[in-house]
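One-letter residues, chain by chain:
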Amino acid sequence: MPHATPMRLATTIRPYDWGSVTALPELFGTEPTGEPQAELWMGAHPGAPSTAGGVPLNELIARDPAATLGERCAERFGPVLPYLLKVLAIERPLSLQVHPTTAQAEAGYAAENARGIPLDDFARTYKDASHKPEMVCALTPFHGLCGFRSPGAAAGLLDRLGVPGLRPWIETLRTGEPGQALRAVFAAMLDDAARPLRAEAEAALLESPDDGLAAYAGIARAYPGDPGLVAALLLNHVTLRPGEALYLGAGVPHAYLGGIGVEIMANSDNVLRCGLTSKHVDVPELMRVVDFTPSAPHLVQPLAGGPGAYDYRPPAPEFALTRYELTGAGAHPLPGGVPGIVLCTEGEARLGDDLTLRPGQSAFVPAAAASPRVSGKGTVYLAQPGAFTK
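### Topic: the packing of helix α6 (residues 151-159) against helix α7 (residues 167-175)
Then, in step 1: Two elements in contact, α6 and α7, have axes whose closest approach is 8 Å; the angle formed by their N-to-C orientations is 160°. Considering the angle they form, α6 stands roughly antiparallel to α7. For the pair α6 and α7, the sense of crossing is left-handed. Judged by residue contacts, Pro-151, Gly-152, Ala-154, Ala-155, Gly-156, Leu-158 and Asp-159 of α6 engage Arg-167, Ile-170, Leu-173 and Arg-174 from α7.
Then, in step 2: For the contact of α6 with α7, the class distribution of residues is 6 nonpolar, 2 polar and 3 charged.

### Focus on the nonpolar core
Then, in step 1: Counting 50 residues, the largest nonpolar core has Leu-158, Leu-161, Leu-166, Leu-173 and Phe-186 as its most contacted members.
Then, in step 2: Considering every element that reaches this core, the biggest residue donor is helix α8 (residues 178-190), with 6 residues.
Then, in step 3: Leave out the neighbours within four places in its chain, and Leu-161 touches Leu-166, Ala-201, Ala-204, Leu-205, Leu-213 and Leu-233.
Then, in step 4: Counting residues in each nonpolar core, the second largest holds 38 residues, with Ala-44, Val-55, Ala-245 and Ile-341 among its members.

### Comments concerning the pairing of strand β11 (residues 245-248)
When a strand is regular, its side chains alternate between the sheet's two faces.
Then, in step 1: Side-chain alternation along β11 places Ala-245 and Tyr-247 on one buried face and Leu-246 and Leu-248 on a second face that is also buried.
Then, in step 2: With 4 bridges connecting them, strand β8 (residues 134-138) and β11 associate as antiparallel partners. By the bridge assignment for β11, Glu-134 is matched with Leu-248.
Then, in step 3: Note: β11 against strand β14 (residues 298-300), 3 bridges, orientation antiparallel. Directly across from Tyr-247, in β14, lies its bridge partner His-298.

### Things to note about the environment of Ser-95
Then, in step 1: Following the sequence through the fold, Ser-95 ends up in the loop between β6 (83-90) and β7 (96-98).
Then, in step 2: Residue classification places Ser-95 among the buried residues on the basis of a relative accessible area of 10%.
Then, in step 3: Residues Ser-95 and Pro-339 lie 244 residues apart in sequence; the distance between their C-alpha atoms is 31 Å.
Then, in step 4: When neighbours within four sequence positions are excluded, Ser-95 is seen to be in contact with His-254, Ala-255, Arg-273, Gly-275, Leu-276 and Thr-277.
Then, in step 5: At 3.0 Å, the side chain of Ser-95 and the side chain of Gln-97 are in polar contact.

### A few points about α7
Then, in step 1: Residues of α7 that are buried: Trp-169, Ile-170 and Leu-173. Buried residues of α7, viewed axially, fall in a sector of 100°; they line one side. Summarising the geometry of α7, the exposed residues directed more than 90 degrees from the buried face are Pro-168 and Thr-175.
Then, in step 2: Tucked into the core, α7 has its buried residues touching α6, α8, α9 (195-207) and α11 (228-232).

### A look at the pairing of strand β18 (residues 340-351)
Then, in step 1: Pairing between β18 and strand β20 (residues 362-365): 4 bridges, direction antiparallel. Bridging across to β20, Gly-340 finds its partner in Val-365.
Then, in step 2: Strand direction decides the pairing type here: β18 and strand β21 (residues 373-384), joined by 10 bridges, are antiparallel. Paired with Ile-341 across the strands is Ala-383, a residue of β21.
Then, in step 3: Sheet topology places β18 next to strand β19 (residues 355-357); 3 bridges connect them, and they run antiparallel. Directly across from Ala-349, in β19, lies its bridge partner Leu-357.
Then, in step 4: Taking the residues between adjacent antiparallel strands as the criterion, β18 and β19 are bridged by 3 residues, where Gly-352 takes a positive phi near 70°.

Cut-offs used in this document
- Residues numbered from 1 in each chain as written.
- Predicted model: local features only at pLDDT ≥ 70, side-chain atom pairs only at ≥ 80, totals over all residues.
- Heavy atoms only, no water.
- Axes fitted to C-alpha atoms, helices over the stretch in contact; angles between N-to-C directions.
- Helix = DSSP H or I, 4+ residues; strand = E, 2+ residues; numbered from the N terminus.
- Parallel < 35°, antiparallel > 145°, perpendicular 65-115°, else oblique.
- Left-handed = near helix turned anticlockwise from the far one by under 90°.
- Contact = heavy atoms within 4.5 Å.
- Nonpolar A, V, L, I, M, F, W, Y, C, P; charged D, E, K, R; others polar.
- Core = buried A, V, L, I, M, F, W, Y, C linked by side-chain atoms within 4.5 Å.
- Buried < 20%, exposed > 50% of the residue type's maximum accessible area, 1.4 Å probe, protein only.
- Pairing = 2+ DSSP bridges.
- Polar contact = N/O pair within 3.5 Å; in protein donor to acceptor, adjacent residues only side chain to side chain.
- Arc of directions from axis to C-beta.

Structural data, given as structure tokens:
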């Protein structure tokens, strides 16, 4: 039967300027290229599809969705792999951003199509009609911003800067209804009229000895003069230890600041940026999509899936992750009937009888693969659709 065995993937590394020159080469035992290596992509996204036997994975899937995806997955998500797996190596902060709901993405995509905006246009916001929930699992200490602080906590942080001009924002945060106060202050911070005040706040950040402001001072050094810098002070700062995971749903503003992590997301490229970027920022659409409800970071606790297996099950039907800590004793059976991607991040793993994976290497496991098993000594991650996991 075609597509009945795991297939080694050839993958693409994206050289975005925020990536590390050395982190992925050190992790995977490869030679540095001299340019940033930011994201290793594994999947069937048309922007950089992995290949198996020289054929793009999205083409293999389109030729035989039943064998590659399985009937359940193809029926639920169509003839496409519903997730995209990445390894991120972050040297400097990514853009402050948010992702739309499915309804927002469908409406925005249709509206931009109707206006004739090309998909590759600088001013294009919606690249497809899908939402883009995502989860990152830390391989090293991993730092980010995620979700709005309580208005009182945000006011306290702004107050510590000692900038008199910030008093009206601080007062709004302390006295207003939480969601409305955050919306008003966030919008005011991004307004061009606030440029002089943002410059004062930035200078105060750079001069502050306050350890609680250190992460934001680092952002200021990386993106001097950026309009999103002060707005970042409204967000929770979160640090993940290796093995901990963070989930980001629609409307939640976030930015990754540093570290290496395995990231999985719905197979979409819809990003609305708030700042810390030279890319397109559409403030009116951003304000429509952002959820201004204060919220703690959504940490995903791994569940024991058997000896040496740790299941990450976020509330997204498109994806789930399992981490296997392989000890050399025995083999782990992988779920059948669904499309999986196996990634080795440490040591050496054997997939079935014939395929050996070393750090940075990955394989696609078609739904039709018969009783796939993984063994060896090291660490591997299995990506699969979340809708069919327990």
